[in-house]
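This is what each chain is made of:
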Amino acid sequence: VDTDRQPDGATGSVITFDATDVLNWAVTLANGPTAALWVALWIKPVQVNNLQIFFSTMSGAASGNRFEAYIAATGKIAMAVYSNGVNDRTLTTTANGAVANAVPAFVYLDFDSSRTGDDKSRIYVNGALIASTASGAGTMTTLPVVTGSHIIGGRGDSDTPTLPLLSGATIGQDIWVGN
């Protein structure tokens, strides 16, 4: 592991990112299920006018495309589900400002294949289900089996991650992933 890639400035269990850091977290049976997956975390972005990936299980760090969550422009939250490993179906909050500059928010992303259609994915912010719209060529069925890593703070386990959290953004106190 390239240790200079690890996030700096951890205070307690809050991680501060600097746009070159990612946290590499191994995919396991507990955090890599196919029928259901949820991710819950506190996030405090520095700015919300840039696309910033905060959770990614994609090729490069994993054996295939699976799931990705990011801050879209104007503070929207989006989650992309890659049921077939190639084409995504993305759920994006409809209103601007689901998250705001320098304001902590509790984000809960939920995928459950037992629900129907685009309702398989849901986005909650600070405990409230947020109205969202779906787009993309994929269909939501189940998640593909992958090996490798989840990446927290960008896409790709490198010193130059794709679409990283901007310098000063924080995640924590904890990150939860389950099924």
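Here, every reference points to the structure presented above.
Quick look at the structure, then. This one's a predicted model, so the numbers in the text were calculated from it and none came from an experiment.

1. A short note on the overall build of the protein
Step number 1: In terms of regular secondary structure, the protein is built from zero helices and 14 strands.
Step number 2: Listed by position from the N terminus, the elements making up the protein come as β-β-β-β-β-β-β-β-β-β-β-β-β-β.
Step number 3: On C-alpha atoms alone, the protein measures out to a radius of gyration of 15 Å, which is about the 16 Å that the 2.2 N^0.38 rule sets for 179 residues.
Step number 4: Each principal axis of the C-alpha distribution contributes one length, and for the protein these read about 40 × 35 × 25 Å.
Step number 5: Counting all 179 residues of the protein, 47% fall into the buried class.
Step number 6: Per element, the accessible surface of the protein, about 7600 Å² overall, is 53% carbon and sulfur.
Step number 7: A distance of 10 Å separates the average location of the 9 positive side-chain charges in the protein from that of its 14 negative side-chain charges.

2. Section: the sheet that holds strand β5 (residues 52–57)
Step number 1: Pairing is antiparallel in the open sheet, where seven strands are placed in the order β3-β13-β5-β6-β7-β8-β12. Looking at the sheet topology across the chains shown, the edges are occupied by β3 (23–26) and β12 (132–135). In this sheet, neighbouring strand axes are inclined to one another by 15° on average, regardless of whether the strands run parallel or antiparallel.
Step number 2: Inspection of the sheet shows β5 paired to strand β13 (residues 149–152) by two bridges, in the antiparallel sense. Bridge pairing links F55 to I152 in β13.

3. Points about the side chain of S56
Step number 1: Residue placement: S56 occurs in strand β5.
Step number 2: Owing to a relative accessible area of 1%, S56 belongs among the buried residues under this scheme.
Step number 3: Within the structure, the side chain of S56 is placed 2.8 Å from the side chain of E68, a separation counted as a polar contact.
Step number 4: Ignoring anything within four residues of it in the chain, the contact list for S56 reads F67, E68, S149, H150, I151, G154 and R155.

Rules and cut-offs
Residues numbered from 1 in each chain as written. Predicted model: local features only at pLDDT ≥ 70, side-chain atom pairs only at ≥ 80, totals over all residues. Heavy atoms only, no water. Helix = DSSP H or I, 4+ residues; strand = E, 2+ residues; numbered from the N terminus. Rg over C-alpha atoms; globule rule 2.2 N^0.38 Å. Buried < 20%, exposed > 50% of the residue type's maximum accessible area, 1.4 Å probe, protein only. Areas by Shrake-Rupley, 256 points an atom, 1.4 Å probe, with all protein chains shown as cover. Lys, Arg positive; Asp, Glu negative; His and termini not counted. Charge placed at Lys NZ, Arg CZ, Asp CG, Glu CD. Pairing = 2+ DSSP bridges. Axes fitted to C-alpha atoms, helices over the stretch in contact; angles between N-to-C directions. Polar contact = N/O pair within 3.5 Å; in protein donor to acceptor, adjacent residues only side chain to side chain. Contact = heavy atoms within 4.5 Å.

None of this, on its own, says anything about what the molecule does.
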